[in-house]
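Residues per chain are reported as follows:
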Amino acid sequence: MKKYLEVDEWKIIEKGFDPSNVESSESIFSIGNGKMGQRANFEEHYSGHSLQGNYFAGIFYPDKTRVGWWKIGYPEYFGKMINSVNWIGIDIILGNEILDLAKCTVTEFYRELNMYDGLLARSFTAITKEGKTVKVFTRRFISMADFKTAVIEYSITPINFNDTIYVMSYLDGDVKNRDSNYKEKFWDEAEKCFDKEIAFLRVKTKKLDFHVGCGMKTEFYLNDKKIFKNAEIIKKDKYIGTRYFFNEIKQNETLKITKFLCNITSLDCYPDKMLEEITNNLPMISNKGFNTLFEEHCNSWHKKWEKCDIKIEGDIEAQQGIRFNIFQLNQTYTGEDERLNIGPKGFTGEKYGGGTYWDTEAFCFPFYLCTSNQNVARNLLLYRYKQLPKAIENGQKLGFTDGAALFPMVTVNGEECHNEWEITFEEIHRNGAIAYAIYNYIRHTDDEEYLAKYGLEVLIAISRFWKQRVNFSSVKNKYVILGVTGPNEYENNVNNNWYTNYIARWTLQYTIDVIDLVKSKYIDIYNSLIKKINFDESKEIKVWKNIIDNLYLPIIENTNIFLQQEGYLDKEMLTSKDIPQDQRPINQHWSWDRILRSCFIKQADVIQGIYFFIDQFTFDQVKENFYFYEPKTVHESSLSPSIYSVVASHIGDINKAYELY
Ligand code: BGC
């Protein structure tokens, strides 16, 4: 990985302008407040390589599936959180030239993301082709105190010239996704207008009728004194701009542009009420001004940090790293809205489409559980509960019956979006992580009422799935689970993946335990539940118990080592040290076929199971499995080292734990 950022306890800092870093910095410096988020694109025009990204949580598009070979069971579409109105745009025109860092000589460049305050700032000095030197300083934040609000402050100082400056502050909905399957644009214009200094644009998705309404009010200060300007209104399809003309700015004087924004979506407001909502809100927002809004925003961030900061002494890079992770989790999901979830890459770009993966339950959930109000974790569980009917429908599409649920590999609204058979149909362990999150929630909170009202229904549906997904092998005289992909995606279509079998068995037992608990404490709720879902308690539990007692769990004979899957030992046993450095990561150097045949493990698999259920294994079991699997793991998912690190720490291998951390 290229290292070009400065190490600092609270800040991410980039010094110097290198166009080849622009796209990666746009991701790393992204900001958000759970409801909206964006990449750190420049406010002013930039013609170099850049990925524009402004996102609204829960606003997605069903992009028609594109695959080479269609398989029955594939979803019709991939639901992706789409690039939305670009509301940061402030173009600067110096005489005849548009300010564009790709075309300038940039003599100074500094960018900073202050994670404590949630503030993105940038400053630069640039010389245009015509030799005009300008200094620019920008600050922006997306308010953590009010989910609709964002503010940008953009100051520009001409250093060696007196010339007319035009400022074009705009909202642009004519945007696209780089990952659009058919190069289609996803937005139509719905409404736009300008009145009383407020420009408003509403766009709607071509399918599903999601609406996004953005309002902006732009103010100006010359050398810190407010000045009033009339706007020239520029309208294009899905675009509204306000152009201002300045001929009074002298060399070394500073023009400060403050752009106040109020953005809402149809998840929170009726489309035909958006204009009213925004025109009511924006004057209040701008009256508060940058400083007050910023103070409110900071207070919200600081309160979060009080609860969730992790202090590391003696290793600033580690300190910065853990804070970056905490910052990302907090700005991606705040937990107030149970319709939302956590895209693996947050608001940093298009990768993974902003969908919900098992990452939420297996990796993110504990963070919110330990650092937020209990409702945050509860809302994450409710998200899945509400999608249970769709998970049952998803199971039906694949041939399962009687209320068996297979939660999607990737989803936004409960429908499966993923379309690679070896993952969509086979990476079924995701069901286990959802059951595990329920268990995790209960053991932290004791919210047994949740179990009775919601959790048990999910658990029964998942257990019904496992019951139908196993089959009895007369050769082994055991139940087996065939044709799966474990967490290690460098193996597909394997039989008896230890992790999957273990979590399936555990879920069946946990469901039985929860049934006992709910029956003893909430018998009325239980009775209405079994009626609702047609649950034949004694019959179904009897079969589950039989599976629990007889499910095959592969092990390497005469050792404590659980076998990742059948046949794993037939592979050539190498360690990741045997792979030349210039062939790493292997997924970018080796054919898929070579990867599949190798012993190399993408991410924690057996060790993922050991991590979840660490109290169910002896110290020696944990240790031997760790030292068997870790050397074969290439950690080519960012979900891997953390899990191994925790387990290394558990067995007292502090050096290894630190290295992996
Ligand atoms: C990992 C999955 C994960 C997905 C999204 C993949 O590379 O292998 O386990 O769910 O990324 O983060």
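Every value quoted in this text rests on a predicted model; they were computed, and no experiment measured them.

Draft legend 1. Local environment of the pattern of salt bridges. Tallied over the full model, the rule gives 54 salt bridges. Of the charged contacts, one joins K132 and D163 as a salt bridge, the two residues approaching to 3.2 Å between their closest N and O atoms. Of the two residues, K132 is situated in the loop between strand 11 (119-127) and strand 12 (133-142) and D163 in the loop between strand 13 (149-158) and strand 14 (165-172); the sequence distance between them amounts to 31 residues. We classify D163 as partly exposed; its relative accessible area is 28%. For the salt bridge of D337 with R339, the shortest nitrogen-to-oxygen distance reads 2.8 Å. Of the residues examined, D337 reaches a relative accessible area of 12% and is grouped as buried. The network of salt bridges with common partners includes K35, D268, D337 and R339.

Draft legend 2. The packing of aromatic side chains, seen in detail. Scanning the entire structure with this criterion turns up 54 aromatic pairs. When the ring of Y61 is compared with that of F186, the centres are 4.2 Å apart and the planes differ by 25°; the resulting orientation is stacked. Residue Y61 is located in strand 6 (residues 60-64), and its partner F186 is located in the loop between strand 14 and strand 15 (187-195); the two are separated by 125 residues in the primary sequence. Like Y61, the residue F186 is buried in the burial classification. Judged by centre distance (4.5 Å) and plane angle (10°), the rings of W498 and F562 are stacked. Note that W498 is positioned in helix 10 (residues 498-521) and F562 in the loop between helix 12 (537-550) and helix 13 (592-597), a separation of 64 residues in sequence.

Draft legend 3. Inspection of helix 6 (residues 388-397) at higher detail. Among the residues making up helix 6, those that are buried are L388, A391, N394 and G395. The buried residues of helix 6 occupy one face: seen down the axis, they fall within an arc of 110°. Those residues of helix 6 that are exposed and aimed more than 90 degrees away from the buried face are P389 and K397. The inward-facing, buried residues of helix 6 contact helix 5 (374-386), helix 8 (430-445) and helix 9 (448-469). Backbone geometry just after helix 6 places G399 at a positive phi near 100°.

Draft legend 4. Quick look at the sheet that holds strand 5 (residues 54-56). Spatially, three strands are ordered 3-4-5 in an open sheet, and the strand pairing comes out antiparallel. Of all the strands in the sheet, the pair left with one neighbour each is strand 3 (31-32) and strand 5. Where strand 3 and strand 4 (residues 36-38) come together, two bridges link them in antiparallel fashion. Following the sheet pairing, I31 is matched in strand 4 by Q38.

Draft legend 5. Structural detail: the nonpolar core. Of all hydrophobic cores here, the largest spans 184 residues; its most connected members are W87, I92 and L99. Counting residues per element, this core draws most heavily on helix 10, which supplies twelve residues.

Draft legend 6. Region of the structure containing the site of the ligand. Neighbouring the ligand are the residues P344, Y352, Y357, W358, D359, E489, K602, Q603 and L639. One of the side-chain nitrogen or oxygen atoms of W358 is found 2.9 Å away from an oxygen atom of the ligand. Measuring from an oxygen atom of the ligand, one finds a side-chain N or O atom of D359 at 2.5 Å. Isolated, the ligand exposes 310 Å² of accessible area, and the fraction of that covered by the protein chains is 92%. Of the residues contributing to the shell around the ligand, the split by class is five nonpolar, one polar and three charged.

Draft legend 7. Region of the structure containing the environment of P408. The residue P408 is located in the loop between helix 6 and helix 7 (421-424) in this model. Beyond its immediate sequence surroundings of up to four residues, P408 is in contact with R384, N394, G414, E415, E416 and R430.

Draft legend 8. Representation of the pairing of strand 20 (residues 239-246). Judged by how many residues are buried, strand 20 sits mostly within the fold: six of eight residues are covered. Strand direction decides the pairing type here: strand 14 and strand 20, joined by eight bridges, are antiparallel. Bridged to M168 within strand 20 is R243. In this structure, strand 19 (residues 232-236) lies alongside strand 20, joined through five bridges in antiparallel fashion.

Draft legend 9. Broad picture of the pairing of strand 13. Counting buried positions along strand 13 yields ten of ten residues, so the element is predominantly enclosed. Covered by surrounding structure in strand 13 are T149, V151, E153, S155 and T157 together with A150, I152, Y154, I156 and P158, the residues of both alternating faces. Sheet topology places strand 12 next to strand 13; nine bridges connect them, and they run antiparallel. Paired with K135 across the bridge in strand 13 is T157. Connecting strand 12 to the antiparallel partner strand 13 that follows it, the hairpin turn spans six residues. Relative to strand 21 (residues 255-265), strand 13 runs antiparallel, the two sharing eight bridges. The residue bridging I152 from the neighbouring strand is K259, located in strand 21.

Draft legend 10. Spotlight on the sheet that holds strand 14. Taken in spatial order, the five strands make up an open sheet running 9-8-14-20-19, and their pairing is antiparallel. In this open sheet, the two strands that pair with only one neighbour each are strand 9 (97-98) and strand 19. Both strand 8 (residues 90-94) and strand 9 contribute to a ladder of two bridges, which runs antiparallel. Within strand 9, the position partnered with L94 by the bridge is E97.

Draft legend 11. Molecular detail of the side chain of T65. Position of T65 relative to the elements: it lies in the loop between strand 6 and strand 7 (77-81). With a relative accessible area of 4%, T65 lands in the buried category. Side-chain polar atoms of T65 contact the backbone oxygen of P75, separated by 2.8 Å. T65 has contacts with W70, P75, E76, Y77, F78, N181, Y182 and N419, leaving out every residue within four places of it along the chain.

Procedures and definitions
- Residues numbered from 1 in each chain as written.
- Predicted model: local features only at pLDDT ≥ 70, side-chain atom pairs only at ≥ 80, totals over all residues.
- Heavy atoms only, no water.
- Salt bridge = Lys/Arg side-chain N within 4 Å of Asp/Glu carboxyl O.
- Helix = DSSP H or I, 4+ residues; strand = E, 2+ residues; numbered from the N terminus.
- Buried < 20%, exposed > 50% of the residue type's maximum accessible area, 1.4 Å probe, protein only.
- Phe/Tyr/Trp six-rings, centres within 6.5 Å; stacked < 30°, edge-to-face > 60°.
- Arc of directions from axis to C-beta.
- Contact = heavy atoms within 4.5 Å.
- Pairing = 2+ DSSP bridges.
- Core = buried A, V, L, I, M, F, W, Y, C linked by side-chain atoms within 4.5 Å.
- Near = heavy atom within 4 Å.
- Polar contact = N/O pair within 3.5 Å; in protein donor to acceptor, adjacent residues only side chain to side chain.
- Areas by Shrake-Rupley, 256 points an atom, 1.4 Å probe, with all protein chains shown as cover.
- Nonpolar A, V, L, I, M, F, W, Y, C, P; charged D, E, K, R; others polar.

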